[in-house]
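# Structural description and commentary
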Amino acid sequence: MSDHNSRLRSQDWFGRDDKLGFLHRSWMRSEGFPGSVFSDKPVIGICNSWSELTNCNAHLRQVAEAVKRGVWSAGGFPLEFPTISLGEPFMRPSTMMFRNLMAMDVEESIRANPMDGVVLLCGCDKTTPAQLMGAASADLPSIFVTGGPMLKGIWRNKEIGSGTDVWHYWDELRAGRISQEDWCEMECAMSRSAGHCMVMGTASTMTSLTEALGMTLTGCANIPAADSRRYEIAHRSGERIVEMVREDLRPSAVLTREAMENAVRVDMAIGGSTNAIIHLQALAGRLGIDFPLERFDEISRETAVVANIQPSGKHLMEDMFYAGGIPVVMRDLLDQLHGDAITVTGHTVQQNVADAKCHNREVILPRARALQPEGGTIVLNGNLCPRGAVLKTSAASPGLLQHTGEAVVFEDHEDLMRRIDSPDLEVDATSVLVLKNGGPIGAPGMPEYGNLPIPAKLLKQGVRDMVRISDARMSGTSYGTVVLHVAPESAIGGPLALVRTGDRIRLDTQGRRLDLLISEEEFERRHSEWQPSAAHYDRGYGKLYLENVLQANEGCDFTFLKRTNGVPSKLPLAF
Ligand code: FES
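From a predicted model like this one, the values you see are computed outputs, not experimental measurements.

## Describing empty space enclosed by the protein
Applying the stated criterion across every chain yields a total of two cavities of 30 Å³ or more. As a volume, the largest cavity reaches approximately 80 Å³. What lines the largest cavity is E211, A212, G214, T216, T218, M330, T343, T345, V349, N352 and V353. Those elements that place two or more of their residues in the lining of the largest cavity are α10 (202-212) and α18 (349-353). The element best represented in the lining of the largest cavity is α18, accounting for three residues. Considering only residue class, the lining of the largest cavity consists of four nonpolar, six polar and one charged. Within this model, the second largest cavity holds a volume of roughly 30 Å³.

## Focus: the environment of K357
In this fold, K357 is placed in the loop between α18 and β7 (377-380). Judged by its relative accessible area of 56%, K357 is exposed. Counting along the chain gives 322 residues from K357 to G35, while the straight-line C-alpha distance between them is 47 Å. Discounting residues that sit within four places of it in the chain, K357 has contacts with A323, G324, V328 and R331. Within the structure, K357 has its side chain in polar contact with the backbone oxygen of D355 (distance 3.4 Å).

## A few points about the layout of surface pockets
Estimated volume of the second largest pocket: approximately 430 Å³. Along the wall of the second largest pocket there are 21 residues; nearest its centre are N437, G442, A491, S533 and H536.

## Regarding the sheet that holds strand β4 (residues 142-146)
Backbone hydrogen bonds hold the strands of a sheet together, and the pairing may be parallel or antiparallel. As summarised here, the arrangement of the four strands in space is β2-β1-β3-β4, forming an open sheet in which the pairing is parallel. One side of each edge strand has no neighbouring strand; the edge strands of this open sheet are β2 (77-82) and β4. On average, adjacent strands in this sheet sit at an angle of 20 degrees to one another, irrespective of strand direction. By the bridge criterion, five bridges tie strand β1 (residues 43-48) to strand β3 (residues 117-122) in an arrangement that is parallel. Paired with I46 across the strands is V119, a residue of β3.

## A word on helix α3 (residues 19-29)
Along α3, the residues classified as buried are G21, H24 and M28. Looking straight down α3, one finds its buried side chains confined to an arc of 70 degrees; they lie on one side. Residues of α3 that are exposed and point more than 90 degrees away from the buried face comprise K19, F22 and W27. Where α3 is buried, its residues contact α2 (11-14), α4 (36-39) and β2.

Here is what the cut-offs are and how they apply
Residues numbered from 1 in each chain as written. Predicted model: local features only at pLDDT ≥ 70, side-chain atom pairs only at ≥ 80, totals over all residues. Heavy atoms only, no water. 1 Å grid on protein atoms, 1.4 Å probe; cavity = no way out; pocket = protein on both sides within 12 Å on 5 of 7 lines; lining within 4 Å. Points joined across faces, edges and corners; volume = space filled by probe spheres on them. Helix = DSSP H or I, 4+ residues; strand = E, 2+ residues; numbered from the N terminus. Nonpolar A, V, L, I, M, F, W, Y, C, P; charged D, E, K, R; others polar. Buried < 20%, exposed > 50% of the residue type's maximum accessible area, 1.4 Å probe, protein only. Contact = heavy atoms within 4.5 Å. Polar contact = N/O pair within 3.5 Å; in protein donor to acceptor, adjacent residues only side chain to side chain. Pairing = 2+ DSSP bridges. Axes fitted to C-alpha atoms, helices over the stretch in contact; angles between N-to-C directions. Arc of directions from axis to C-beta.

Bear in mind that shape data such as this cannot, by itself, settle questions of function.
Here it is, written out as structure tokens:
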């Protein structure tokens with residue numbers, strides 16, 4: 001064994017002279033690998049969230065092949081392995097409930113197996129944060145290759161965006177402005193290639209923030225899935241991870257407080273999904289970085305929204321790529337970023353993006369012509385959300401950002417679906433729609449139904465937005481004046497549980513407050529009368545989840561997965 005190999009973790013499995021070494025090599029030989037691969041090559045795991053039940057990641061087997069070519073050509077030994085995958089459109093009650101399960105799977109698969117470095121392949125909403133959390137906790141040299149967004153949807157020569165236009169045209173259909181035939185035709189025209197949703201939804205946001213964190217090669221996040229450059233960057237990432245193993249460049253060196261601040265800054269500048277706040281909070285917890293919600297708001301106040309991408313803006317992710325993508329956003333923001341943060345390239349942010357060129361200033365706007373002068377998402381406090389709530393102002397109606405109205409309360413999602421379109425629902429355009437039991441424990445799994453539908457009778461009157469409040473999340477592709485992630489949630493007796501139809505609620509985004517306008521005595525009286533509902537699960541993963549999930553303001557990770565001692569978990573020796 002050479003000096004170099006004696007430092008490789010995989011040699012604890014393959015470099016042994018004893019019976020176990022024989023067995024480990026012999027079993028790998030059963031896959032047809034020659035003895036030469038065991039002697040001097042770093043073993044690179046390729047952590048693949050491919051699944052045909054995760055349509056956004058269904059092309060990742062091909063991406064893995066490109067990574068393998070890169071690993072081989074740089075002198076590594078690639079071994080692809082699967083983990084649980086999380087398909088946003090299909091999983092019930094929500095993919096969010098399983099994000100932590102996937103993060104544990106990623107972490108333990110890395111830790112348990114003979115690898116020296118890992119390339120992580122992700123795309124769909126929760127697969128990216130789950131892999132970030134798992135890789136951060138395992139802390140083996142890691143690089144991300146995101147799957148890339150789908151090509152634009154085109155319907156009757158008009159661009160249509162994933163999710164965002166679904167919500168828009170669903171309202172048009174309910175209001176009778178488009179036909180059933182139009183609707184069916186659109187279904188065929190929207191998702192026309194491999195890749196994840198191609199608006200600035202959660203997938204595009206989280207992959208962009210993975211690049212902003214310094215965990216991908218420069219320019220990786222926004223390359224469309226169908227573009228050959230997606231495979232080229234996968235190949236180069238395979239080459240790079242071999243170097244990273246030799247440099248011992250680990251997530252703990254990249255995922256610093258400065259990197260977190262860079263990611264939040266970019267999140268605000270691109271009008272990123274509200275879900276990103278939860279995922280970044282969870283990642284901060286894994287890193288042992290204290291990063292309170294208030295810090296998101298501080299950064300938001302000083303960051304202009306410059307990405308003119310749906311749902312905040314007009315264009316789609318394919319346009320974002322052609323315009324120059326995240327490197328341009330970061331170059332334009334350099335004066336507000338930690339430019340000296342180190343990245344997986346081995347270079348700093350400043351070095352990576354200094355020469356980035358913008359090719360379309362209608363897509364990535366100059367700050368002087370920003371979509372809005374302050375960041376896309378704000379954090380609220382007040383007696384209705386003492387531990388915080390969020391509102392994506394870049395996708396809200398300016399006229400509703402200071403608003404007081406009477407609550408129309410729905411006890412849970414079923415109640416909402418039963419009554420929202422009823423002609424008897426007492427509601428008008430000034431009402432505030434409130435949904436309870438949409439949080440991590442109450443729903444369970446905090447599903448993305450926080451953008452409550454506008455009641456059909458108001459849609460017919462031309463109403464397109466109202467103030468809506470819940471402890472649920474909403475899809476990053478959604479829009480509207482929607483207060484989300486109210487913490488603590490109603491299912492554990494948070495103030496949202498106490499709201500009744502007819503109460504007045506004040507939303508004051510300038511003052512960053514959300515208040516229930518009832519007396520303190522009435523507040524206390526209702527609180528003393530409140531009773532919790534029965535738990536959703538009494539066994540299995542559901543029980544583990546209910547007993548350990550943190551509230552939204554702490555990222556909904558499990559209590560026992562946060563780093564508590566300030567140092568990463570040790571990777572044990574093999575034996
Ligand atoms: Fe996977 Fe939208 S469904 S990113």
